[in-house]
Amino acid sequence: MRSEQAICETPQRQRLRPGQWQAGVLLTLTISLGMSLAVTAVAADAPAKKPTMQQVLDASKASDWRPLDADNTLYMELPGGRVVIELNKDFAPLHAANIRTLVKQKYFDGLAVLRVVDNFVTQWGDPNAEDEGKARSLGKAKASLAPEFSRPAKDLAFTPLPDGDVYAPEVGFSNGFPAARDPKTGQAWLTHCYGMVGAGRGNEAESGSGAELYVVIGQAPRQLDLNIATVGRVVQGMELLAALPRGNGPGGFYENDQEKLPITSIRLAADVAQKDRSHLQILRTDTPTFTALVESRRNRSDDWYLKPAGKIGLCNVPIPVREQKVDM
């Protein structure tokens, strides 16, 4: 005799009375239909999957991109290749002009990368700058300039980001450069994100000239904002400056000449033959395409992401660069 538990756990075939079979089938169909409608309703309520950054770029128009200004683009030639730097004359016009003067005089040719500080900056200039007897002449360039730490925000193109910032009341992009502004003071300034280029200075605010430059190679040192002139950014070739051996001396300086990476030359793109130029385009930051790109990074829809962040920091927004097709 089977136990009560065995009876309960053993499937039992029951004989249905006439009409019960039809009712059971109808009930099953009703339940299935209801579940299908519920699944459809849930699917309808689910938000549409947002495009990835690559999909946004693939759908961009030609007018969403801008070429580099040859008069404000530097080609820094290193033994390993070319670094392309875009100067910003809107935020640092005096520094940009002084750097152009230095470059036209071939001031940087044969100088060197002086220090590389892990998670901070790579800096280059004259190794003998502190020795008056050996320092290279600045020629027609000025030895000191007005600080240019900020500029009036009025009439400045500015695309704000939707999320907050620790270092500034508002952050966003101005013609492709990461920037910040303060409505109370009416001032705007460039920010120290990865790849941004600044002009080194001493303790005095007006001691910078652009003869000594650095690029951010680590986590954004935003504490430098409003304390030093940020003059541009690297748009191509960052790996040539970010992957260098770190300096072992105080402040990350190289202690002997053999460690210093020589600079072959720095030229303005306008002074380089068309066939030898780097023909690049930058995604404009004042377009719906850029707005969509920011959203694609705030709420990642790539298959790998399980939980989108829903926010994005200024220095985490990439500014795409692409090769421009040019008929020679």
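Since the model is a prediction, treat every value here as computed from it, not as a measurement.

## What about the overall build of the protein chain?
Assigned secondary structure in the protein chain consists of 6 helices and 17 strands. Within the span of the protein chain, comprising 328 residues, buried residues form 42% of the whole. Counted over contacts in the protein chain with a minimum sequence separation of 6, partners at least 24 positions apart contribute 72%. If you sum the accessible surface of the protein chain, you get close to 18,700 Å²; carbon and sulfur atoms cover 53% of it.

## Re the pairing of strand β8 (residues 170-174)
The buried count for β8 comes to 4 of 5 residues, which makes it a mostly enclosed element. With 5 bridges connecting them, β8 and strand β9 (residues 177-182) associate as antiparallel partners. Paired with Glu170 across the two strands is Arg181, which belongs to β9. Connecting the antiparallel pair β8 and β9 is a turn made up of 2 residues, with Asn175 showing a positive phi of about 50 degrees.

## Describing helix α4 (residues 93-104)
Its 12 residues give α4 an end-to-end C-alpha distance of 16 Å, which sits within 8% of 16 Å, the value for a rise of 1.5 Å per residue. Where α4 is concerned, the buried positions are His95, Ala96, Asn98, Ile99, Leu102 and Val103. Down the axis of α4, the buried side of the element spans an arc of 165 degrees, and every buried residue falls inside it. Tucked inside the fold, the buried residues of α4 contact β2 (73-78), β3 (81-87), β11 (196-199), β12 (213-216), β13 (230-236) and β15 (265-268).

## Description of the packing of aromatic side chains
On inspection of all chains with the given rule, the structure shows 3 aromatic pairs. Pairing Tyr107 with Phe108 gives two aromatic rings, centres 5.1 Å apart and planes at 85 degrees, and the pair type is edge-to-face. A relative accessible area of 5% places Tyr107 in the buried class. Between Trp304 and Tyr305, the aromatic rings sit 5.1 Å apart at their centres with planes inclined by 85 degrees, giving edge-to-face as the arrangement.

## Quick notes on the confidence of the model for the protein chain
With 85% of its residues at a pLDDT of at least 70, the protein chain reaches an overall mean of 89. Contacts from residues 1-18, a stretch scored under 50 in pLDDT, to residues over four places away or in other chains number 5 contacts. Low pLDDT, under 50, characterises residues 23-31; the stretch is placed with 0 contacts to residues that sit more than four places away or in other chains.

## Examining the sheet that holds strand β16 (residues 280-283)
Spatially, 3 strands are ordered β1-β16-β17 in an open sheet, and the strand pairing comes out antiparallel. The open sheet is flanked by β1 (65-67) and β17 (321-323), the only strands paired with a single partner. Strand after strand, the sheet turns through a mean of 35 degrees between neighbouring axes, direction not considered.

## Considering the sheet that holds β8
An order of β6-β10-β9-β8-β7 is seen for the 5 strands of this open sheet, with the pairing classed as antiparallel. Where the open sheet ends on each side, the last strands, each with one partner, are β6 (151-152) and β7 (159-160). The pairing of β9 with strand β10 (residues 187-190) spans 4 bridges and is antiparallel. Opposite Asp182, over in β10, you have Gln187 as the bridge partner.

## Description of the state of the cysteines
Counted under the stated rule, the structure contains 1 disulfide. At a sulfur-sulfur separation of 2.0 Å, the disulfide partner of Cys193 is Cys315. In this structure the cystine formed by Cys193 and Cys315 twists about its S-S bond by roughly -75 degrees; its chirality is therefore left-handed. With Cys193 in the loop between β10 and β11 and Cys315 in the loop between α6 (288-298) and β17, the pair connects residues that are 122 residues apart, well separated along the chain.

Conventions and cut-offs
- Residues numbered from 1 in each chain as written.
- Predicted model: local features only at pLDDT ≥ 70, side-chain atom pairs only at ≥ 80, totals over all residues.
- Heavy atoms only, no water.
- Helix = DSSP H or I, 4+ residues; strand = E, 2+ residues; numbered from the N terminus.
- Buried < 20%, exposed > 50% of the residue type's maximum accessible area, 1.4 Å probe, protein only.
- Contact = heavy atoms within 4.5 Å.
- Areas by Shrake-Rupley, 256 points an atom, 1.4 Å probe, with all protein chains shown as cover.
- Pairing = 2+ DSSP bridges.
- Expected span 1.5 Å × (residues − 1).
- Arc of directions from axis to C-beta.
- Phe/Tyr/Trp six-rings, centres within 6.5 Å; stacked < 30°, edge-to-face > 60°.
- pLDDT = per-residue confidence, 0-100.
- Axes fitted to C-alpha atoms, helices over the stretch in contact; angles between N-to-C directions.
- Disulfide = S-S within 2.5 Å.

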